[in-house]
Amino acid sequence: MTQVLRLETPTTLEPLLRQHHSHWAKLRRDLHAHPELRFEEHRTADVVARELEDIGYKVVRGLGGTGVVASLPGATPERGIVLRADLDALPIREANAFAHASVQEGVMHACGHDGHTVMLLGAARILKEMPQLPGTVHFVFQPGEEGGAGARKMIDDGLFERCPTEAVFGMHNWPGLPAGQFGLRTGPIMAAGSRFRITVTGKGAHAAQPHLGLDPIPLACSMVLQCQTIAARQKDPADPAVISVCMFNAGDTDNVIPSRAELRGTIRTLSSDLLQRLQSDIEQMCNGLAAAYGAQVEVTFFQYYPATINTPDETALCEAVIRETFGGARLHRDVPPNMTSEDFGFMLEERPGTYVLIGNASRGCAAPGLHHPQYDFNDDIIPAGVLYWVALAQRYFGTPGHQGPREE
Ligand SMILES: [Zn+2]
Ligand SMILES: [Zn+2]
């Protein structure tokens with residue numbers, strides 16, 4: 001279980017990480033077996049709070065619903081950084097048969113937030129045992145990342161007033177990268193997203209008498225195709241965007257023209273500006289087509305998450321941390337951005353910071369991906385994740401790393 005701990009330079013922390021590894025793996029498997037959906041993370045928050053209290057932290061509960069925060073005071077309390085993990089699981093039926101598979105029918109830790117939580121708990125433990133840092137480290141365990149915008153809720157609930165914060169840092173496991181390697185990039189690393197609903201209203205009729213009605217189905221079909229034209233022809237091809245119509249509902253039987261058709265889908269872009277523009281293009285297209293057909297249309301957008309945009313200085317710092325701690329061979333600089341979305345983008349709208357990927361591929365790159373019913377977090381990477389957090393906190397506040405700078 002310690003293979004990914006092989007470091008570029010031996011670290012004095014290695015024995016400590018080894019000593020706690022089996023405890024962390026046990027904790028992670030306990031969380032995996034007891035997943036909870038967004039804003040229902042009561043047991044998970046209990047486990048996190050208990051572990052933090054055992055280590056000696058004063059714990060704040062209930063921020064943004066079920067969020068948990070603990071702070072390690074630094075010499076200058078007004079200086080602070082947030083290290084963030086997420087607590088929630090997904091409405092997926094787990095297809096694994098191992099001992100720590102979910103006991104909660106239809107709920108599963110398929111995104112590895114169980115692992116994120118434990119790696120941050122590990123960092124809280126190790127940093128507590130080390131000399132005081134010049135600034136404060138806030139360990140933030142947020143609820144509702146999966147579609148609940150829990151990060152936004154914690155901010156609205158006063159996270160940054162309670163925890164003076166200069167910069168924010170997040171981490172997500174990545175099954176597409178080898179275990180214990182890291183991926184990062186400056187600028188957008190995950191996409192902005194919104195969902196839409198298009199309701200087309202025509203006039204129902206007998207299937208054999210379409211001239212007596214106003215069939216919404218061909219009109220809605222045109223709208224689906226035009227969405228693809230907008231994505232392909234109405235924006236700079238070098239600026240990525242996805243428009244996917246994922247639901248098309250109309251009609252109840254095969255011999256009646258329905259009066260209504262409903263389309264639902266998702267837009268993803270790497271900037272909020274492009275997202276806004278595509279939304280107005282879709283609206284304009286729908287209104288124009290509906291007017292041409294003489295039908296009614298209603299277009300509604302539901303804002304999802306902003307893009308997750310890494311700031312240059314903080315990303316350079318994270319790069320240095322990874323190079324010095326793990327060696328350049330374990331760093332994938334400039335990984336391509338991903339069109340998935342992540343609510344850490346809300347924190348990065350408020351403060352500079354960086355979101356990194358940590359490789360999780362235990363069984364090669366064919367390992368089940370995120371949100372797959374056979375996914376599992378790889379416990380081997382826990383020490384690497386803990387060490388990254390510890391080294392980042394030290395380096396951020398200018399404390400010499402535990403192993404000193406690497407000669408390059
Ligand atoms: Zn997820
Ligand atoms: Zn996730």
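Source: prediction; values computed, not measured.

The rules we used
Residues numbered from 1 in each chain as written. Chains lettered and ligands numbered in written order. Predicted model: local features only at pLDDT ≥ 70, side-chain atom pairs only at ≥ 80, totals over all residues. Heavy atoms only, no water. Helix = DSSP H or I, 4+ residues; strand = E, 2+ residues; numbered from the N terminus. Contact = heavy atoms within 4.5 Å. 1 Å grid on protein atoms, 1.4 Å probe; cavity = no way out; pocket = protein on both sides within 12 Å on 5 of 7 lines; lining within 4 Å. Points joined across faces, edges and corners; volume = space filled by probe spheres on them. Nonpolar A, V, L, I, M, F, W, Y, C, P; charged D, E, K, R; others polar. Buried < 20%, exposed > 50% of the residue type's maximum accessible area, 1.4 Å probe, protein only. Pairing = 2+ DSSP bridges. Salt bridge = Lys/Arg side-chain N within 4 Å of Asp/Glu carboxyl O.

Enquirer: Please set out the side chain of H172 residue by residue, giving values where relevant.
Expert: Turning to its location among the elements, H172 is positioned in strand β5 (residues 167–178). The residues touching H172, leaving out its near neighbours within four places in the chain, are C111, H113, H116, E342, Y355, V356, L357, I358 and L370.

Enquirer: So, the layout of surface pockets: which residues are in play, and what are the values?
Expert: Its volume calculated, the largest pocket comes out at about 350 Å³. In terms of lining residues, the largest pocket is bounded by 21 residues, among which L90, E145, E146, Y304 and H371 are the most central. Of the residues that constitute the lining of the largest pocket, the class distribution is eleven nonpolar, five polar and five charged.

Enquirer: Any details on the pairing of strand β12 (residues 260–269)? Residues and values, ideally.
Expert: In terms of residue burial, β12 counts as a mostly covered element, since seven of its ten residues are buried. Pairing of strand β8 (residues 192–201) with β12, which is carried by ten bridges, proceeds in the antiparallel orientation. Directly across from R197, in β12, lies its bridge partner R264. Bridge count between strand β10 (residues 241–250) and β12: nine bridges; the pairing is antiparallel. Within β12, the residue paired with F248 across the bridge is L263.

Enquirer: How would you sum up the pattern of salt bridges? Please name residues and give values.
Expert: Inspection of every chain in the model, using the stated rule, returns 21 salt bridges. A salt bridge links R43 to D30; the shortest N-O distance between them is 2.9 Å. Of this pair, R43 sits in helix α2 (residues 42–55) while D30 sits in helix α1 (residues 14–33), placing them 13 residues apart in sequence. Classification of R43 by relative accessible area gives partly exposed; the value is 29%. Judged by relative accessible area, D30 falls into the partly exposed class, the value being 25%. Of the charged contacts in the structure, one is a salt bridge between E324 and R395, with a shortest N-O distance of 2.2 Å.

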